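Spelled out from the first residue to the last, the chains are:
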There are 2 protein chains.
Amino acid sequence: MAKYVYDFAEGSKELSDLLGGKGGNLAEMVRLGLPVPPGFTITTDACRAYLRTGAEPYGLADEVGLHLERLERQVGRRLGDSADPLLVSVRSGAKYSMPGMMETILDIGLTDDTVAGLAAQTGGNERFAWDSYRRLIQMFGKTVCGVPGEAFERVLDEAKARAGTSDDLGLDAGALKAIVARYRTVFAEHTGHDFPQDPREQLGLAIRAVFSSWNAERAVLYRRQEHIPADLGTAVNVVAMVFGNLGADSGTGVAFTRDPATGAPGVYGDYLADAQGEDVVAGIRNTVPLQELERLDRRSYDELLTIMAKLEAHYRDLCDIEFTIERGKLWMLQTRVGKRTAAAAFVIAAQLVDEGVIDLDEALTRVTGAQLAQLMFPAFDLSGRPERVASGVAAAPGAAVGVAVFDARRAAATAKSGTAVILVRRETNPDDLPGMIAAQGILTSRGGKTSHAAVVARGMGKTCVCGADSLDVDLDARQFTVDGRVVREGDVISLDGTTGRVYAGAVPVQPSPVVRYFEGALSPGADPLVRAVDRLLTHADKQRRLAVRANADTGEDAARARRFGAQGIGLCRTEHMFLGERRALVERLILARTAAERDAALDELLPLQRSDFVELFRAMAGLPVTVRLIDPPLHEFLPPLEDLAVKVAVAEERGQDPGHDKDLLDAVRRMHEENPMLGLRGVRLGLVIPGLFAMQVRAIAEAAAQVPDARPEIMVPLVGAVQELEAVRGEALGLLRELGVDARVGTMIEVPRAALTAGEIAGAADFFSFGTNDLTQMGWGFSRDDVEGAFFTRYLELGIFGVSPFESIDRDGVGRLVRIAVEEGRAARPDLHIGVCGEHGGDPESVHFFHEVGLDYVSCSPFRVPIARLEAGRAAVTSAGSDTR
Amino acid sequence: MAKYVYDFAEGSKELSDLLGGKGGNLAEMVRLGLPVPPGFTITTDACRAYLRTGAEPYGLADEVGLHLERLERQVGRRLGDSADPLLVSVRSGAKYSMPGMMETILDIGLTDDTVAGLAAQTGGNERFAWDSYRRLIQMFGKTVCGVPGEAFERVLDEAKARAGTSDDLGLDAGALKAIVARYRTVFAEHTGHDFPQDPREQLGLAIRAVFSSWNAERAVLYRRQEHIPADLGTAVNVVAMVFGNLGADSGTGVAFTRDPATGAPGVYGDYLADAQGEDVVAGIRNTVPLQELERLDRRSYDELLTIMAKLEAHYRDLCDIEFTIERGKLWMLQTRVGKRTAAAAFVIAAQLVDEGVIDLDEALTRVTGAQLAQLMFPAFDLSGRPERVASGVAAAPGAAVGVAVFDARRAAATAKSGTAVILVRRETNPDDLPGMIAAQGILTSRGGKTSHAAVVARGMGKTCVCGADSLDVDLDARQFTVDGRVVREGDVISLDGTTGRVYAGAVPVQPSPVVRYFEGALSPGADPLVRAVDRLLTHADKQRRLAVRANADTGEDAARARRFGAQGIGLCRTEHMFLGERRALVERLILARTAAERDAALDELLPLQRSDFVELFRAMAGLPVTVRLIDPPLHEFLPPLEDLAVKVAVAEERGQDPGHDKDLLDAVRRMHEENPMLGLRGVRLGLVIPGLFAMQVRAIAEAAAQVPDARPEIMVPLVGAVQELEAVRGEALGLLRELGVDARVGTMIEVPRAALTAGEIAGAADFFSFGTNDLTQMGWGFSRDDVEGAFFTRYLELGIFGVSPFESIDRDGVGRLVRIAVEEGRAARPDLHIGVCGEHGGDPESVHFFHEVGLDYVSCSPFRVPIARLEAGRAAVTSAGSDTR
C-alpha cells in the first residue's frame, strides 16, 4: 500500500516532490536536531489522488490517525482532550513556493469542550483561549466551508463598536465569547450545519480544503504565470501549535542568514513580541529589527543565531526562516533557501566561494542570465524619494520616463514631436500598436504578465507595468486617479518595469554599474556586485563549451560587442547598410530597365558596402565576422503601397502630374507580395538578380584584403535546397579566388526544409547558422509581426504556450528541426561549424538547449552577450542544464 | 578489369542501363535470331568514365579492337581493306530515348583508299561510293570536328549550280568526286589537319564525339525538360553498314506493330525505296504506306510481318522498328517499345489483355494518370480542317479559343467585357499576371516548358503554347506575323495546349468522350477508348489500397465528384460559403463592437451554413464528408486596403464624407497583416473569436441530423500544437453530444510543427489530413502566389527543382514531414485515419508517394478523381511504384 503520511522525522529536503518544500525542510530541521514542533506531512501523491477522484485515497484516514496518535504521544496532549487539548495547524506546502496562494488553518482542535482546557494550559488566559476559538471559526468557515469573510468581519466590527474600541485588543474574554456565539450562528446560516465540534472532523475537512486549494483560481493563474506545472499538487503539514502570543516572553519573527536585498553578510530579520505570524502579516503592530531580540531574550537570540549558522552551513546558501518563541522556548516553524534580489544572488554566490562553502562551478548554478539581465538595465535613482503613486505587475523591465498619454494615436504624434511618452490604457489591443511602438513605456490598469500589453512590450523590449489595479483610468477625461490623486495627460510619470512601481514626476535614471564595468568605465573591483559579476563571468568563460558572438551591423556595435565579451560577429545584416541616403541607389537598382542601368547602380553601391565592411573587420580584427548577404525583399526599400497610391490619386484628382511617384507606384505594385516573408528574398534574390550577391561578395573580399587579420565568413540566407547554395557558393568561391581572399562560405538554416535536408546541404556549406526566428515563424506558420499582438495573449491564457516561442525556443517542434540539422549536418561533414544567430541566441533557456544539442556558438545582440556567456557557462557545469527557472 | 564492350550476341534488353535502349534492343533481336547487321555496344560506364576524366578509360581501345576483329570476321570484310572495305556506323543510344539529341556518324571506314573498293562491292556503283564518302566527310566534319555545316552546304550548292541541278540526284560521280576534294579542303581549313585517312582513327574520334554529345547544350536542356537524370551517360553502338540506297531492290522504312495514334490493331508504317534512313528524315521524297512493300518485295514484306509479330509477342507490347532492305535482304536496324498517344495507350493495354498477352495488373502499368488527364481535356474538332498557323511547345493542356490581345492590361479589360481572350506575348513576366489570369490561353514565341508563361499557366490550369518561334510578335503594331500571314489584335485564334498547335479562327471544341462516360452520358461500351478506360479503372479500383475522395464545397460539385468515383469528400472549404451576398454578414461580424452584435451576425450565418451542409450531405449520403472549419483571415472578406484608402482620400479631397468606407478602412487597417498566410487564421481564429467555430459545428450537426446517412467529419485547420486542437475539440464534442450527432473530429497537418509533434497531436485527433499546399509553402518558406512567377522559372532553369514542388510533392523535404507524421501519429494511435487534401492528392507522382507512406486516402478536385483512382491502382500493382515517368 502507498505510504501517504511521513512523520517529520522520516522525511528530508530531498523528498520535496513528495513532501513539498515546507514539509521537506521541516523534516530536514528535525534531522539536524533543531527545535521543530512535532508534526507530520501528507504527501502530494495523496493530494493528486484526491484531485483525480474527488475522494481521499484508501487508507489515508487510518494513516493520519496513526501519525496523529504518535504526535499526541510526543506532545503529551490529545486532540479533543477537554482538560489539556492538543491544537494543530494544517498548512499547505507545494514543491515550489506559491506565497499566499493556498490555505492554512490554525488552532484545529478547539471546540466548546476544549476552549476551557486551552485557557487552563496557558495559565488561565481566558481571553487568549476565546480569541483563538474565534479565529478558528472565522478561518475554518471562510477557508473550508466558503462562508464569506465579510459576514464574520461585520460581527467583529459590531462588537468593537459596542465595546467602544477600534482594536481587537480592546475586546475582553467576555466580548470574544459573545463573538464566538455570533460566529457560530453565522456559520450555521451559511453552511446549513453547526460548526463541527469533533476535532477529528475539523482536521479531516481542513486537510481536504488544503488539497482543493491547489485548483483555486488564483493558484491556477499564479502557476501559469510562473510556469509551475499544473499537476504537481500540494502536500499538507499537520503541526502541533505553538503560540507566540502568550505574553512578553513570547513572540514571532522572520529572518535571513544574509541581507536578501544586497547580499551583505550578517543576519537580517524582524521580530514582533507577543504575536503570532499572522499578526506580522496583518501589520497590526510594527516589527522591530531582529537585533532587538538580543536585548529582549538573549538566550533565544543566541540559540537562533547558532541555528541560522547551522542552517546556512547545511544548505550551503542563504536561508530564510520563520520562528516563534513560546514563553522563552524557541521553535523553528519554517526554513528554505531564501529568495533574493539579482544583485544579492551574485554577491552571495561569490561570498560563498570566498568562504569555501561552494566552488565556482556551483556558484554558477546560483545565478541566472535573467538576473544578470536585470542588473544591466538602468535603474531609477530613488535617493530623491520620489512619490510612488501605484504598483503593478513588473511585466517588462527597464526605467521609463515620459508624459502620460491616453490614446495610441496621440502617443504616436507626441512622440514624433520629440517628447517622450508613457502610454496609459486600461488594457491594450492591436489598435494600440502604433502608440506602443512610439512610447517609452506602457502602463495598464488591467491584465497580468500574459496580457496583450505585457506580451507585446516584452517582444519590443519596451518597459511595461501592467495590472496596476489601483489606477482608475478615465480615457474620456484623459486622466487616471489613484487614491484621490489625479494624473492628467501631459503629466510626467516614471515606470520601473523591474519592480512594477509607478512614480509621479521624472525620476532620475542611473546607468547600471554592471554595464559601466563591461564598458570599461568601472574596474572589476569597484564594488562587491561588480566584483561578483566579474568573477562568475570569468569562470563561466572558462567552463563554457559554446562560444558567444554578437549580432552587429556597424563598427560601433561591433566594438561594443567586443567590450561585452563577444568572440566574433555571428550575424552582420547587410540590408541595414542599404538604408538612409543609399535607399536612392536601391531604388535605381529596382527601377533599372537594362542590365547596364542595374550594373551602374550596383557599381555605386560597391564602395559604400566595402567601407562598411572595412569598419566592421577593423573593430573585430582577429575574430570571425559572419556577413549575411542581403535578405529582405527589395520592395521593402520602397515606400508603402498605400501611401503612394493615395499620393498619386490625390495628385491626379488635383489635375497634377504625379511624376516619379507614378513610376514608383508601378514598381511597388509590380513587386507587391501577399506574403513578403515567403517571397522573393534571401538566396532567391541572389539567384534572380544578376550581380547583386557578386557585388556584396566583392565588397567583403576587397574590404578583407585591406584589413590585417580580417576573418570574413559569407553566409547565404533562406536556403531551402542544396542546389541554391551550390549556385551561390560556386560564384562566391570563384570571386574570392580571383581576389585572393580566403573566407568560409556557409548558410543560414532558417527554412524548415533546410533542416530536413541538412545532410545534403552540409555538402556545400562550411558552416550552418540557425535563424531560429524564421525557423519559428515557418515551423509554426505564424509571422511574429502579425500574431504576437493578435493571439499570443489568448494562447498564453489558454496555456497553449507556456512562454512565447519567440522568447524561448520551442524544444519539441522547432528544436527538433535544430537537432535533426545538427545530427545530419555533422554526420555528412564532421568539421561543420554550427551556430545560431536568431534572438534565441541570447535567451537563457535557449542557450541551454543549444549547449545540449552541441552547437559551437550562439550569437545575440551585444547587450545579451554577457547573459549568453553566463548561461553557456551554467549549461556546461550543470549536467542536464534543464531547470533554469 | 571492367568490361566496356558487349557484342550484340552478349547483351539483352535487361542491360539497358549499361547498353542503352538501342544497344539492348539490338542485342535482344540478335538473341531472337532476327537479321541484325553485326555490331557491338560500348557501355554507358565507358561514357561516364570518359566524361569524368576527359579520357577513354584504360583498356577501352584494346577491347574495341578485339570486338572490331570479331565483327570483321562475321561480315567477312576488314575496315580499311581497299579491295573490299568494311563500313560501320557509330550511333548513340542512351537508356531513355532522346530523339535527335545526340550524334550518329555513318560510313566510317571510307578513305581515298577504300572508296573504290566500296564501288566495286556495289557492282561498280561509283556515284554511290563517292556520295557516301562525301556524306562521311560532311557528317564527320560537323559532328566530330565542329566544322560549321554551312561551309559544306555552300560547296554542295555551288556544285549543284554548276551542274544545273537543284537535287543531289542530279550530281554524277565526277561531280561528287570533285565535291569530296573541296570538302577535304574545307575540313583542313577549319580543323588545321587533313580528314583522317586511317579508318581506326575515324572510329575512335567518332566514339569520343558520341560520348561528348551527352553534354551538348541541347541534350542537357532536353533532359532537364524530360526529367532524365543528368549522370546516366550514353552507350555507343558500332554497327556494320547496310545500304537501302542501292537501287529499286533496296529501301528503308519505319513501322509500328499497331497504330500508335489510335491503338487500332494491324501493322502501320512507311516505306521509301532506294533510300537510307536519313533520307526519310530529310523528307526529300514521299514515303509510301508500308502495305506497298507487299507489292514491291513480297518476300521481305512477309518476313517483316513475321518479325513484327515475333517482336510484339516477345516484348508483349506495341513495338516500333526501323529496317533496311539491301538488295532484297531485310535487316533490322532498331526496335523498341513504341511511343503512343494517350488514347492508344489505353486501347492497346486493354487489347493485350483481351489477347491474353498481359494480365490486368500489367495493363495498369502500361497507362498513366497523365495520359488519362490528357484524355479528359476537351479537344478541337479538326474535321473542318482548320488552318494551322504555327506550332510551339505544348506547355499546358486544353483547348482555348479567343481573340488575340497583345498586352496584359487590355487582355484583362477585354475579358472583363465578356470576350474570350488569348494573351499573345514574346515571353511573359510577372507584370503580365493580370492578363494571364483573365485569358483563356497564353501563346508566346519564346521559352520552353519551364518558361514563366508555362510555369504560371500550369499553376493556374490555363491552356498554354509557348516557344512558337516561327511567330514574329510585334507588340507595338499589336500583331504577329508567321510565314507572311498576319494575325492582328482582335483576330480569333485557337490554341491546342495538348499538341502545341495554333489555329486561325475559332476551331469547334468537342467534349472528351471519357468525361462524357464519367458523367454517364456515354455507356462504358461506347467505343474502344471508353471501354478500355472503364476496364482499367475498374481494375484499379479493385487493386488500390488508397481510397479516393474529392475536394468539393457545394452539393453540385459533390454530386459530380461522386459520378467521377469519389468515395467521399476529403475537403469542404467552408470559407467559400462566406462569399457573395453573405459577405455583408461577415463584415458585420468583423465590425461588431459588442458580443451581442457579433452573436447576432453569427446567428444569421447559422441557417445559411446549415443549408449548405444539408445539400452536401445529401449529395454524399452514406459517404464521409470532411468539413474544414473556416481557415482564411477574416480581412480577406473585406475590400483591399489600397482601394479603400484611395476611395477615402479622394472623397476627402472632394470635401465629401467617406462614410461607411471610412469605417471599413479603419477595420482593414486594424486587421492588416504583413503576411496573412502566417497570420490570424485557421484554429487561431476559432480560439480568438468566440462563437465562430461553435456556429459552424452547430450548423454541421444540425444539418447531419436532417439528412439520413450523413457522415460528417469535422476538421480543424492550421493546428501547430495539440493544445490548440484539444481546445477546439473539447468545445465541438460538447456541442455534438448536446445535439446527439456523432462525428469524427480531426485536424489538418499543414504546419511543419504539426508534423513534428504528430505523436502528441494524434492524442486529440480521430484523423489527420495533410494540407500539402501549406506544408510545402511553410516547409520551403515560399508563398505560391508570390514566387511561382517570380523565381520558379529561374529555379527550373538552374535545375534547383526538377518539377515545381507544388505540382509533385517534394519527397526529401516536405515528404519527410509527411513520413514523420504518419509514423509517429500511428504509433501514438494505431487506428488514426490519415489522408491528404492538398492539390498533390491528384498528382500521379505524389499519389505513389502517398501509397508508399501508407495513407488511407487521397482527396483531390473532382476532375482529378479518376486520375487518382488510376494512379492509386498503379501504385498498388507496382512494387516500389516509383517510376511513373
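All residue numbers refer to positions counted from 1 along the written sequence of the respective chain. Just so you know, chain letters begin at A and ligand numbers begin at 1, following the order they were written in. Where totals are concerned, whole chains, interfaces and linings use all residues; where local detail is concerned, this predicted model gives features only for residues with pLDDT of at least 70, and gives and counts side-chain atom pairs only at 80 or more. Excluding hydrogens and water, the side-chain values take into account all heavy atoms of the structure.

- Per an unreviewed UniProt entry, the recorded name for chain A is Pyruvate, phosphate dikinase, and the organism is Dactylosporangium roseum.
- UniProt positions are given in the numbering used here, feature names are shortened, and annotations may be inferred rather than shown by experiment. What the UniProt record of chain A gives under Catalytic activity (unreviewed entry) is the line "pyruvate + phosphate + ATP = phosphoenolpyruvate + AMP + diphosphate + H(+)".
- Its UniProt record gives chain A a comment under Cofactor (unreviewed entry), which states: "Mg(2+)".

Quick look at the overall build of chain A
Okay, step 1: Within chain A, the secondary structure is distributed over 35 helices and 33 strands.
Okay, step 2: Considering only C-alpha atoms, chain A reaches an extent of 105 × 65 × 55 Å along its principal axes.
Okay, step 3: Remark: exposure states derive from per-residue accessible area (1.4 Å probe, protein chains only) relative to the maximum for the residue type, with buried under 20%, exposed over 50%, and partly exposed in between. Buried residues in chain A amount to 56% of all 885 residues.
Okay, step 4: In chain A, once contacts between residues fewer than 6 apart in sequence are set aside, the share between residues at least 24 apart is 67%.
Okay, step 5: Here, Shrake-Rupley sampling with a 1.4 Å probe gives the accessible areas, and only protein chains in the shown set may cover a residue. Looking at chain A as shown, the accessible area adds up to about 34,400 Å², and 48% of this sits on carbon and sulfur atoms.
Okay, step 6: The sign given to each residue is positive for Lys and Arg and negative for Asp and Glu; His and the chain ends receive no count. Think of each charge as sitting on NZ of Lys, CZ of Arg, CG of Asp or CD of Glu. Within chain A, one finds 98 positive and 125 negative side-chain charges whose respective centroids are separated by 2 Å. Going along the chain from the N terminus, every DSSP run of H or I of four or more residues is numbered as a helix, and every run of E of two or more is numbered as a strand. Every residue pair with non-hydrogen atoms within 4.5 Å of one another is taken to be in contact.

Here's the deal with the pairing of strand β29 (residues 711–716) of chain B
Residue and element names in this part refer to chain B.
Okay, step 1: By the criterion of burial, β29 is predominantly enclosed, with 5 of the 6 residues buried.
Okay, step 2: Strands were regarded as paired on the criterion that DSSP finds at least two bridges between them. With 5 bridges connecting them, strand β28 (residues 624–628) and β29 associate as parallel partners. In the sheet register, Arg628 faces β29, and the bridge partner there is Met715.
Okay, step 3: Of the strand pairs in this sheet, β29 and strand β30 (residues 744–749) are connected by 4 bridges, and their pairing is parallel.

Focus on the domain arrangement of chain A
Okay, step 1: Domain delimitation in this document rests on an assignment produced automatically or drawn from a domain database. Taken domain by domain, chain A consists of domain 1 (49–56 + 68–240), domain 2 (251–337), domain 3 (342–373 + 513–530), domain 4 (377–510) and domain 5 (544–576 + 613–631 + 695–879).
Okay, step 2: Taking only C-alpha atoms, the centre of domain 1 of chain A and the centre of domain 4 of chain A are 41 Å apart.

Structural notes on the interface of chain B and chain A
Okay, step 1: Counting residues at the interface gives 55 residues for chain B, matched by 55 residues for chain A.
Okay, step 2: Here the quantity called buried area is the total loss of accessible area, with a 1.4 Å probe, experienced by two parts when brought into contact, counted for both. Counting the surface lost from both chain B and chain A, the interface buries some 5,000 Å², and carbon and sulfur atoms represent 57% of this.
Okay, step 3: We define a salt bridge as a contact between a side-chain nitrogen of Lys or Arg and a carboxyl oxygen of Asp or Glu at a distance within 4 Å. Of the charged contacts in the structure, one is a salt bridge between Glu642 of chain B and Arg669 of chain A, with a shortest N-O distance of 2.8 Å.
Okay, step 4: Polar contact criterion, stated in full: a pair of N or O atoms within 3.5 Å, where within protein one must be able to donate a hydrogen and the other to accept it, and residues adjacent in sequence count only if both atoms are side-chain atoms. For the pair chain B and chain A, the number of links is 24 residue pairs in polar contact (both at pLDDT 80 or more).

Regarding the sheet that holds strand β6 (residues 104–108) of chain B
Residue and element names in this part refer to chain B.
Okay, step 1: Spatially, β1-β2-β7-β5-β6 is the arrangement adopted by the 5 strands of the open sheet, whose pairing is antiparallel. Because the sheet does not close on itself, it has two edges, and the strands there are β1 (5–7) and β6. Direction aside, the axes of adjacent strands within the sheet are offset by 20° on average.
Okay, step 2: Taken together, the 3 bridges between β1 and strand β2 (residues 39–42) define a ladder with antiparallel strand orientation. In this analysis an axis means a line fitted to C-alpha atoms, helices contributing only their contacting stretch, and an angle means the value between N-to-C directions, from 0 to 180 degrees.

What about helix α2 (residues 44–53) of chain A?
Okay, step 1: Thr44, Ala46, Cys47, Ala49 and Tyr50 of chain A are the residues of α2 of chain A that are buried.
Okay, step 2: Positive backbone phi, at 80°, marks Gly54 of chain A, one or two positions downstream of α2 of chain A.

So, the packing of helix α6 (residues 149–163) of chain A against helix α7 (residues 173–191) of chain A
All names here are of chain A.
Okay, step 1: One way to put it is that α6 packs onto α7 with a least axis distance of 10 Å and a crossing angle of 155°. On the basis of their axis angle, the class for α6 and α7 is roughly antiparallel. The two elements α6 and α7 meet at a crossing, and its hand is right-handed. Of the residues in α7, those in contact with Ala151, Phe152, Val155, Leu156, Glu158, Ala159 and Arg162 of α6 are Ile179, Arg182, Tyr183, Val186 and His190.
Okay, step 2: As a working rule, the residues Ala, Val, Leu, Ile, Met, Phe, Trp, Tyr, Cys and Pro are called nonpolar, Asp, Glu, Lys and Arg charged, and the rest polar, with Gly in that last group. Looking at the contact of α6 with α7 residue by residue, the classes come out as 8 nonpolar, 1 polar and 3 charged. An angle below 35 degrees is treated as roughly parallel, one above 145 as roughly antiparallel, one from 65 to 115 as roughly perpendicular, and anything else as oblique. It is the rotation of the near helix from the far one that decides the hand of a crossing: anticlockwise by less than a right angle makes it left-handed, clockwise makes it right-handed.

With respect to the sheet that holds strand β5 (residues 88–94) of chain A
Residues and elements named next belong to chain A.
Okay, step 1: Spatially, β1-β2-β7-β5-β6 is the arrangement adopted by the 5 strands of the open sheet, whose pairing is antiparallel. The two strands at the open ends of the sheet, each matched to only one other strand, are β1 (5–7) and β6 (104–108). The average undirected angle you get between the axes of adjacent strands in this sheet is 20°.
Okay, step 2: Sitting on the sheet, helix α8 (residues 199–213) touches β2 (39–42), β5, β6 and β7 (234–240), and the angle it makes with β7 is about 150°.

With respect to the relation of the copies chain B and chain A
Okay, step 1: To line up the copies, we fit them by least squares on C-alpha atoms, keeping just the residues with pLDDT of at least 70 in both. Superposing chain B onto chain A takes a rotation of 180° plus a shift of 0.1 Å along the axis, which leaves an RMSD of 0.2 Å. Both chain copies can therefore be described as sitting about a two-fold axis. Considering only C-alpha atoms, the residue of chain B closest to the rotation axis is Asn675 of chain B, which sits at 2.1 Å.
Okay, step 2: Most of the interface of chain B is mirrored in chain A, where 100% of its interface residues again form contacts.

Considering the environment of Ala584 of chain A
Okay, step 1: If you trace the backbone, Ala584 of chain A turns up in helix α22 (residues 583–591).
Okay, step 2: When the C-alpha atoms of Ala584 of chain A and Gly204 of chain A are compared, they prove to be 79 Å apart, with 380 residues separating the residues in sequence.

Considerations on empty space enclosed by the protein
All names here are of chain A.
Okay, step 1: Buried and open spaces are told apart on a 1 Å grid over the protein atoms alone, a cavity being a set of points where a 1.4 Å probe fits but cannot get out and a pocket being an open set with protein on both sides within 12 Å along at least five of seven lines. Residues with an atom within 4 Å of a point are the lining residues. Grid points are joined across faces, edges and corners, and a volume is the space filled by probe spheres set on the points. Under the definition given, this model contains 1 cavity of 30 Å³ or more.
Okay, step 2: There is about 30 Å³ of room inside the largest cavity.
Okay, step 3: Lining of the largest cavity is provided by Phe693, Ala694, Val697, Val728, Glu731, Ala732 and Leu735.
Okay, step 4: When residues of the lining of the largest cavity are traced back to their parent elements, those giving at least two are α27 (692–706) and α28 (722–739).
Okay, step 5: Element by element, the count of residues in the lining of the largest cavity is highest for α28, at 4 residues.
Okay, step 6: Broken down by class, the residue content of the lining of the largest cavity amounts to 6 nonpolar, no polar and 1 charged.

Some words on helix α25 (residues 660–671) of chain B
All names here are of chain B.
Okay, step 1: Between the first and last residue of a helix there are one fewer steps than residues, each counted as 1.5 Å, and that sum is the expected span. For α25, with 12 residues, the first-to-last C-alpha span of 16 Å sits near the 16 Å given by 1.5 Å per residue.
Okay, step 2: If you check which residues of α25 are buried, you get Asp661, Leu664, Leu665, Ala667 and Val668. Projected down its long axis, α25 carries its buried residues within an arc of 165°, all on one side.
Okay, step 3: Against α22 (583–591) and α24 (641–653) lie the buried residues of α25. To be clear, the arc concerns the directions from the helix axis to the C-beta atoms.

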